[in-house]
Protein chains: 2
Amino acid sequence: MSKTILLGHGSGGRMTHQLIQEIFVKYFNNETLSEQTDAAILENPNKKIAFTTDSYVVDPLFFPGGNIGKLAVCGTVNDLAVSGAQALYLSCGFIIEEGFLFDDLETIVKSMAEEAFKAGVKIVTGDTKVVNKSKCDKIFINTSGIGIVDNNHTHIASGNKISIGDKIIINGSIGDHGIAIMGSRENLKYETNIESDCASLNHLINKIIKQCEIHFMRDATRGGIASVVCEITQKHKIGIALDESRIPIKESVRGLCEVFGFDPLYVANEGKFVIIAPKKDANKILELLQADELGKDAAIIGEITENHLGKVILNTSIGGKRMVDMLAGEQLPRIC
Amino acid sequence: MSKTILLGHGSGGRMTHQLIQEIFVKYFNNETLSEQTDAAILENPNKKIAFTTDSYVVDPLFFPGGNIGKLAVCGTVNDLAVSGAQALYLSCGFIIEEGFLFDDLETIVKSMAEEAFKAGVKIVTGDTKVVNKSKCDKIFINTSGIGIVDNNHTHIASGNKISIGDKIIINGSIGDHGIAIMGSRENLKYETNIESDCASLNHLINKIIKQCEIHFMRDATRGGIASVVCEITQKHKIGIALDESRIPIKESVRGLCEVFGFDPLYVANEGKFVIIAPKKDANKILELLQADELGKDAAIIGEITENHLGKVILNTSIGGKRMVDMLAGEQLPRIC
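(A) Seen up close, the interface of chain B and chain A. Each side of the interface is counted separately: chain B has 79 residues, and chain A has 79 residues. The tally of links from chain B across to chain A stands at 4 salt bridges. With a closest N to O distance of 3.3 Å, B:K129 and A:D54 form a salt bridge. Between chain B and chain A we count 13 residue pairs in polar contact (both at pLDDT 80 or more) in total. Pairing of strand β1 (residues 40–42) of chain A with strand β2 (residues 48–56) of chain B involves 3 bridges; the strand directions are antiparallel.

Now the structure itself:
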């Protein structure tokens, strides 16, 4: 096979078939995908269905802790998981620039297959488009996902059960993904070695959902944890108080945020999620999180309050108060 | 709101929310989407599920007979329909170039909403990414789709019931989409006015499935009808004989194919599908097709044969025979 992607690989003809066989079917190996029909036909699990989509345009494609393929699987799996769903199936749509290296495509696809296996999901349908040189930036990947939701978990996505006094919990340190991307983009040689936290959280989340009462969950990706909490206060007309000193952050990440002029509350994560749960369950959730590699630095970082409705207030580590507002523009383009 | 898309519209922050409210929620108006959760939560219809994805990168975005938005809805709806599924839900993922005109985005989104309404599907979840100027070509759209399949229709996608003697039927003239795109791309001033056949075929297809026995269906998009029949012969080790004189094609399309040097069998359609059905049902199918605006030029164009297994032979209109092979490279990049 040629060493680079050619326009013919997007033609729907022989070269497309060859690409599908030699790369996609090879790595995503499962019966449904091998059928190569227009749509995958899936067994119906007799539960409510969760459906999500995300396009990934991260730059650079390869970064410490992951690549665009791993990210595309984790991100969509996590979107399903935080909705209270068990992630089952993924689609993948590739838009590839003519001239893209086959070896890089193979590395990306292999990562997707490995991450899908880890997360216990199947990639069952896909599509490939190739555009002329300079008409897209190397490769963009869309993954859409299907999961199933128990009837008694459907409120997790909507957050309709969020109540005054609920605790806000995060599963670990913030800002790792954004700073890892920023660092590799700027080709900075850090003394410290910051890796993206990019990970599929579904197994951990499913464990917690089974054992604890959860009122809301959201993965804190683009826009960081600030965007998650701001969205909640505005949607549900409640107040949120965060304790800055309790929010886990690596010293190296904090330092680079200062260098770049970023507020870490707004920096993207790809392996962090915010839980809102009744006070009675908060410690149990914390224990479950801390027992897992993906939650070992978990912390209770704030609570739902009836004060300052519709607003998020940060109690700063030096004893002040600061309002946290939704990000107006773009802090870091193409972070995911 | 600003007149062009800015990087901030892809930030996940306030500008993203504004874009979602003022464009996407406005036009795709439905309760599930309005929840704006990470994943849409859908009722389970207790049937098998069909799942499909396609990215659309068509150039130009606006062409006679449609635009990238209409195409993104029709294409995915049709992929579900030809799989024997009833299309229900779509996701949409936008990748937009910084500086893209808001007015153009609105026109595209409005077309998507109109076509979704016509097809009877709901756009229930979405995602927007914005990339820097020159890092993508204006706008790319991914639509993934979910449909439901009756157990006794699941063979339609696989084609496992295709038998010797089955008839091959098409619902109308070939090549319209490809030539319409080609013409508007080259900015040719045709005497004739060729429009894309871009249309949602699901209502017509569902009607036929209910009343007739169908062994296989496929929409003849990228790679044209040649790619569909070649794929079948190779997958099922059968022979196919096509009658050139029976294949409907507009005189204007045939003429421009000659000018461009294209074989119309390979030119893309976006409103045409190939049916393979037992001989006993062929005339009934033809009647049903011809009674519908989207099938009025339908014709029986060939049959499954035990001769030349694995190959497609075209009986030409001048009395010769020609082998039809899978397209090796790319005839028309970015046709969909």
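(B) Spatial organisation of the packing of helix α3 (residues 68–81) of chain B against helix α4 (residues 102–119) of chain B. All names here are of chain B. Between α3 and α4, the least distance of the axes is 7 Å, while the angle of their chain directions is 30°. What the angle tells us is that α3 and α4 run roughly parallel. Once α3 is placed against α4, the crossing between them reads as right-handed. Every residue of α4 that contacts α3 at I68, G69, K70, A72, V73, C74 and V77 is listed here: I108, S111, M112, E115, A116 and A119.

(C) Quick look at the pattern of salt bridges. Under the criterion given, the structure shown has 42 salt bridges over all chains. Among the ionic pairs, A:E114 bridges to A:K110, the shortest N-O distance being 3.9 Å. In this pair, A:E114 and A:K110 both sit in helix α4 (residues 102–119), 4 residues apart, roughly one turn of the helix. Here A:E114 falls in the partly exposed class, since its relative accessible area comes to 47%. With a relative accessible area of 40%, A:K110 lands in the partly exposed category. Two residues, B:K118 and B:E115, come together in a salt bridge whose shortest N-O distance is 3.9 Å. Of this pair, B:K118 and B:E115 both sit in helix α4, 3 residues apart, which is roughly one turn of that helix. In the salt-bridge network here, residues are joined through shared partners; they are A:D54, A:R222, B:D127 and B:K129.

(D) The arrangement of the sheet that holds strand β12 (residues 299–305) of chain B in detail. Residues and elements named next belong to chain B. As summarised here, the arrangement of the 7 strands in space is β9-β11-β8-β12-β10-β13-β14, forming an open sheet in which the pairing is mixed. Edge strands, defined here as strands with exactly one partner in the open sheet, are β9 (216–219) and β14 (321–324). Across the sheet, the axes of successive neighbouring strands diverge by a mean angle of 25°, strand direction being ignored. Where β9 lies against strand β11 (residues 273–277), 4 bridges are found, and the strand directions are antiparallel. Bridge pairing links M217 to I275 in β11. Most of the contacts of helix α7 (residues 202–211) go to β11, to which it runs at about 0°, and overall it touches β9 and β11.

(E) Summary view of α3(B). Residues and elements named next belong to chain B. Across its 14 residues, α3 extends 20 Å between first and last C-alpha, which sits within 8% of the 20 Å expected from 1.5 Å per residue. Burial analysis of α3 places 14 of its 14 residues in the buried class, the great majority of the element. Measuring from the side-chain oxygen of the N-cap residue of α3 to the backbone nitrogen of G69 gives 2.8 Å; that N-cap residue is N67.

(F) Fine view of the sheet that holds β1(A). Strand order in the open sheet made by the 5 strands is β1(A)-β2(B)-β7(B)-β5(B)-β6(B), with mixed pairing throughout. Whereas interior strands pair on both sides, the edge strands pair on one side only; in this sheet they are β1 of chain A together with β6 (122–131) of chain B. Pairs of neighbouring strands in the sheet enclose a mean axial angle of 20°, with direction left out of account. Sheet topology places strand β5 (residues 85–97) of chain B next to strand β7 (residues 139–149) of chain B; 11 bridges connect them, and they run antiparallel. In the sheet register, B:G93 faces β7(B), and the bridge partner there is B:N142.

(G) Region of interest: the packing of aromatic side chains. Counted under the stated rule, the structure contains 6 aromatic pairs over all chains. Consider the rings of A:F51 and B:F51, whose centres lie 6.3 Å apart with planes at 80°: the pair is edge-to-face. In this pair, A:F51 is assigned in strand β2 (residues 48–56) and B:F51 in strand β2, connecting two distinct chains. Overall, A:F51 belongs to the buried group, its relative accessible area being 0%. Measuring from centroid to centroid gives 5.7 Å for A:F260 and A:F262, while their planes differ by 45°, and the two rings are tilted. Judged by relative accessible area, A:F260 falls into the partly exposed class, the value being 22%. Sitting above the plane of the B:Y56 ring, A:K129 keeps its charged end 5.7 Å from the centroid.

(H) How the structure looks around the environment of B:S317. If you trace the backbone, B:S317 turns up in the loop between β13 (312–315) and β14. Ignoring any residue separated from it by four or fewer positions in sequence, one finds B:S317 in contact with B:E244 and B:S245.

(I) Broad picture of the relation of the copies chain B and chain A. Of the transformation superimposing chain B on chain A, the axial component is 0.0 Å and the angular component is 180°, with the fit at an RMSD of 0.0 Å. On this basis, the relationship between the two copies can be described by a two-fold rotation axis. Among all C-alpha atoms of chain B, that of B:C136 lies closest to the rotation axis, at 2.0 Å. Taken together, the interface assignments show that 100% of the residues at the interface of chain B recur at the interface of chain A, consistent with an identical surface on both copies.

How each quantity is defined
- The residue numbering used here restarts from 1 in each chain and proceeds along that chain's sequence as written.
- As a convention, the first chain written is A and the first ligand written is 1, with the rest following in written order.
- Since the coordinates come from a predicted model, pLDDT governs what is reported: local features require at least 70, and pairs of side-chain atoms require 80 or more to be given and counted, while whole-chain, interface and lining totals use all residues.
- Values shown for side chains rest on all heavy atoms present in the structure; no hydrogens or waters enter the calculation.
- Only heavy atoms enter the contact rule, under which two residues are in contact if any of them lie within 4.5 Å.
- In what follows, salt bridge is the name for a side-chain nitrogen of Lys or Arg lying within 4 Å of a carboxyl oxygen of Asp or Glu.
- Between N or O atoms, a polar contact is any pair within 3.5 Å; within protein, one atom must be a potential hydrogen donor and the other a potential acceptor, and residues adjacent in sequence are included only when both atoms are from side chains.
- By definition, two strands form a pair when at least two bridges between them are found by DSSP.
- By definition, any uninterrupted DSSP run of H or I lasting at least four residues is a helix, any uninterrupted run of E lasting at least two residues is a strand, and each is numbered from the N terminus.
- Where helices are involved, their axes are fitted lines through C-alpha atoms of the stretch in contact, as for all axes, and angles between N-to-C directions lie from 0 to 180°.
- Roughly parallel here means an angle under 35 degrees, roughly antiparallel means over 145, roughly perpendicular means 65 to 115, and every remaining angle is called oblique.
- Rotating anticlockwise by less than a right angle from the far helix to the near helix defines a left-handed crossing, while the corresponding clockwise rotation defines a right-handed one.
- Throughout, exposure labels follow a simple rule: accessible area from a 1.4 Å probe, protein chains only, divided by the maximum for the residue type, with under 20% read as buried, over 50% as exposed, and the rest as partly exposed.
- To estimate how far a helix should extend, the number of its residues minus one is multiplied by 1.5 Å.
- Planes of paired rings set the category: under 30 degrees apart is stacked, over 60 is edge-to-face and the rest tilted, where pairs are Phe, Tyr or Trp rings (Trp by its six-membered ring) whose centres lie within 6.5 Å.
- Whether a charge sits over a ring comes down to the Lys NZ or Arg CZ being within 6 Å of the ring centre and within 35 degrees of the ring normal.
- Least-squares superposition aligns the copies on the C-alpha atoms of those residues with pLDDT at or above 70 in both.

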